[in-house]
Amino acid sequence: MSRSAHPAGPRHADVLPEGHYAAPPTDLNALDPKVWAQTVTRDTDGVVTVGGVDVKTLAAEFGTPAYVLDETDFRARARAWRTAFGPDADVFYAGKAFLSRAVVRWLHEEGLNLDVCSGGELVTALSAGMPADRIAFHGNNKSEGEIRRAVEAGVGRIVLDSFQEIVRVAHIAQELGTRQRVQIRITVGVEAHTHEFIATAHEDQKFGIPLAGGQAAEAVRRALQLDGLEVIGIHSHIGSQIFDMSGFEVAAHRVVGLLKDIRDEHGVELPEIDLGGGLGIAYTSDDDPREPHEIAKALTEIVTRECEAARLRTPRISVEPGRAVVGPTAFTLYEVGTIKPLDGLRTYVSVDGGMSDNIRTALYDAEYSVALVSRTSDAEPMLARVVGKHCESGDIVVKDAFLPGDLAPGDLIAVPATGAYCRSMASNYNHVLRPPVVAVRDGAARVIVRRETEEDLLRLDVG
Ligand SMILES: Cc1ncc(COP(=O)(O)O)c(C=O)c1O
Ligand SMILES: N[C@@H](CCCC[NH3+])C(=O)O
């Protein structure tokens, strides 16, 4: 394919981006290990490889767009979380970030538990052999059918999210002649420093039961009276993509405060607390996430200290990382299509996917980086915006990016750190087919979620 050269992008002061892309990086061919999966490298010929397979081969074999997942990295991160928390704590991978049967098997093998939040996630987990007692079932509006299925399967815990659900789950468990282990999700009133749509511990929102006004204490009071429930602990999840540990500190303080009140009122020391997920990852080189061992140490110390002060036995801690396990392990591989330089503004680089495979930029103003991966280039950087093929001007994948000025149709570019909440929130908008997930390891690539086909679309449309 011929390469049409494009002018080195505009430098108009008004359009220069803030933050990560305020200035072009010194080397556009460099791949920052902070944002790329562990086994990603550039070959001597300039082509990027992952797990020993180069992206040109992947594109030829599986097509584009495709999510390319580094299995070695996924397993390493899962293991790092497991090891960091040790045998006296539990790590529940949050399946909402990305779930497939292969992933469930890897998690099982690496000793993690699983958090699911719908019947669909539950059936995926069970069908891939995750033992039911290692599954936690979440959700603010679980249907009776979902609850029944979870109780029948014998899930390790159901996380109760409302007063109505306390009664509903107790009733179903009794009907099925069992006692369901439950945690009660509370909102501790923390303002997590993250996007408004993904903060979940302030009181004015749909998740959990507020600690404020004694509502959480009342929920525990009611749950303890019901024969169908075994209350094992309190759950708090403060939000997502969080770097600052102070929110967790406040949350732990307030959860332990509730445990103390429960002990004082009922003479019961609940044996478990779950501090949720939400740990941030690097989407760009400006982000500095903490390692699992640092997080484990910090959380364990906070809970132990708070419990000592309250004269409580330290409960078993669990956490639910999703993004921090899978997010960095995948990139989205796109083929460049139309390139449109707009004088004095920027160059629009269209790819063969878009908001249907990554809604996060449109939804949360998320920042991503991007690189040319099918070759290297010494061309001048151009200020670009990577956009999709949807009928929507907000269909932006990477808002501000510097790409080489000689970028051309047919080049492959990749957006790293798309392992979490991209495939799982993918849509069929404009009847665009959802991309496959290709897992790569030790020189071999295999599809773990296949590409949607036109037949799939037509099969759903029953006329
Ligand atoms: C209850 C619960 N646990 C865990 C998670 C996983 O969050 P993250 O992927 O940010 O770790 C979420 C999503 O924010 C959640 O709602
Ligand atoms: N889906 C969100 C996070 C919400 C997580 C679920 N509570 C994201 O992409 O960041």
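Model, not experiment: these values are computed from the prediction. (Residues numbered from 1 in each chain as written. Chains lettered and ligands numbered in written order. Predicted model: local features only at pLDDT ≥ 70, side-chain atom pairs only at ≥ 80, totals over all residues. Heavy atoms only, no water.)

A. Structural view of the nonpolar core. Within the largest apolar cluster, 115 residues are counted, with the highest numbers of intra-cluster contacts made by Phe74, Tyr93, Ile158, Ile184, Ile234 and Ile413. Membership of the second largest hydrophobic core comes to 23 residues, among which are Val55, Phe62, Val68 and Val438. (Core = buried A, V, L, I, M, F, W, Y, C linked by side-chain atoms within 4.5 Å. Buried < 20%, exposed > 50% of the residue type's maximum accessible area, 1.4 Å probe, protein only.)

B. Local environment of the UniProt feature "active site" (unreviewed entry) in the chain. The residues that UniProt annotates with the feature "active site" (unreviewed entry) are Cys391. In this structure, Cys391 sits in the loop between strand E17 (381-387) and strand E18 (396-404). (UniProt positions renumbered as here; feature names shortened; annotations may be inferred. Helix = DSSP H or I, 4+ residues; strand = E, 2+ residues; numbered from the N terminus.)

C. Fine view of the pattern of salt bridges. With the rule as written, the count across this model stands at 31 salt bridges. Across the pair Arg221 and Glu265 runs a salt bridge, and its minimum N-O distance is 2.6 Å. Within this pair, whereas Arg221 is found in helix H7 (residues 215-224), its partner Glu265 is found in helix H8 (residues 246-266), the two being separated by 44 residues in sequence. Judged by relative accessible area, which is 43%, Glu265 ranks as partly exposed. (Salt bridge = Lys/Arg side-chain N within 4 Å of Asp/Glu carboxyl O.)

D. Quick peek at the pairing of strand E15 (residues 347-351). Only one face of E15 is covered, namely the one carrying Thr347, Val349 and Val351; the face carrying Tyr348 and Ser350 has none of its residues buried. What sits between strand E14 (residues 330-341) and E15 in their antiparallel hairpin is a turn of five residues, with Gly344 showing a positive phi close to 75 degrees. As defined by bridge partners, E15 adjoins E17 across four bridges and the pair is classed as parallel. From the neighbouring strand, Tyr348 faces E17, where its bridge partner is Arg385. (Pairing = 2+ DSSP bridges.)

E. A look at the UniProt feature "domain: Orn/DAP/Arg decarboxylase 2 C-terminal" (unreviewed entry) in the chain. Residues given the UniProt feature "domain: Orn/DAP/Arg decarboxylase 2 C-terminal" (unreviewed entry) here are residues 331-419. A distance of 7 Å separates the end C-alpha atoms of residues 331-419, which is 6% helix and 44% strand.

F. Broad picture of the pairing of E17. Counting buried positions along E17 yields seven of seven residues, so the element is predominantly enclosed. Burial along E17 is two-sided: Pro381, Leu383, Arg385 and Val387 and Met382, Ala384 and Val386, pointing in opposite directions, are all buried. As paired elements, E17 and E18 share six bridges and run antiparallel to each other. The residue bridging Met382 from the neighbouring strand is Leu403, located in E18.

G. Looking closely at the site of ligand 1. As a structural note, the neighbourhood of ligand 1 is formed by 15 residues, with His237, Ser240, Glu320, Arg323 and Tyr421 the closest of them. Between ligand 1 and Gly322 there is a distance of 2.9 Å, counted from an oxygen atom to a backbone nitrogen or oxygen. Between Tyr421 and ligand 1, the recorded distance is 2.6 Å, taken from a side-chain N or O atom to an oxygen atom. Here ligand 1 has 390 Å² of accessible area as a free molecule, and 93% of this is covered by the chains. Among the residues forming the shell around ligand 1, the class breakdown is three nonpolar, seven polar and five charged. (Near = heavy atom within 4 Å. Polar contact = N/O pair within 3.5 Å; in protein donor to acceptor, adjacent residues only side chain to side chain. Areas by Shrake-Rupley, 256 points an atom, 1.4 Å probe, with all protein chains shown as cover. Nonpolar A, V, L, I, M, F, W, Y, C, P; charged D, E, K, R; others polar.)

H. Fine view of the packing of aromatic side chains. Taken as a whole, this structure holds five aromatic pairs when the rule is applied. Measuring from ring centre to ring centre gives 5.9 Å for Phe74 and Tyr93, while their planes differ by 65 degrees; the resulting arrangement is edge-to-face. Separated by 19 residues along the polypeptide, Phe74 in helix H2 (residues 71-85) and Tyr93 in strand E5 (residues 89-94) bring together distant segments of the chain. Given the relative accessible area of 0%, Tyr93 is considered buried. Every member of this aromatic cluster is reached through a ring pair, and the members are Phe74, Tyr93 and Trp106. (Phe/Tyr/Trp six-rings, centres within 6.5 Å; stacked < 30°, edge-to-face > 60°.)

I. Region of the structure containing the side chain of His235. If you trace the backbone, His235 turns up in strand E11 (residues 229-235). The exposure class assigned to His235 is buried, which follows from its relative accessible area of 0%. Reaching out from His235, the side chain makes a polar contact with the side chain of Asp274 at a distance of 3.4 Å. Setting aside residues up to four positions removed in sequence, His235 forms contacts with His138, Val159, Gln183, Ile184, Arg185, Ile186, Asp274, Gly276 and Glu320. (Contact = heavy atoms within 4.5 Å.)

J. Representation of the sheet that holds strand E3 (residues 53-54) in the model. A sheet is described by the order of its strands in space; here three strands give the open sequence E1-E2-E3, paired in antiparallel fashion. Sheet topology places strand E1 (41-42) and E3 at the edges, where each strand pairs with a single neighbour. Across two bridges, strand E2 (residues 48-50) lies against E3 in antiparallel orientation. Note that in E3 the partner of Thr49 across the bridge is Asp54.

K. Representation of the packing of helix H4 (residues 119-127) against helix H5 (residues 144-153). Running from amino to carboxyl end, H4 crosses H5 at an angle of 25 degrees, the nearest separation of the two axes being 10 Å. Considering their axes alone, H4 and H5 lie roughly parallel with respect to each other. Like other packed secondary-structure pairs, H4 and H5 cross with a definite hand, here left-handed. Of H5, the residues touching H4 (which contributes Gly119, Leu122, Val123 and Leu126) are Glu146, Arg149, Ala150 and Ala153. When grouped by side-chain class, the residues that make up the contact of H4 with H5 number five nonpolar, one polar and two charged. (Axes fitted to C-alpha atoms, helices over the stretch in contact; angles between N-to-C directions. Parallel < 35°, antiparallel > 145°, perpendicular 65-115°, else oblique. Left-handed = near helix turned anticlockwise from the far one by under 90°.)

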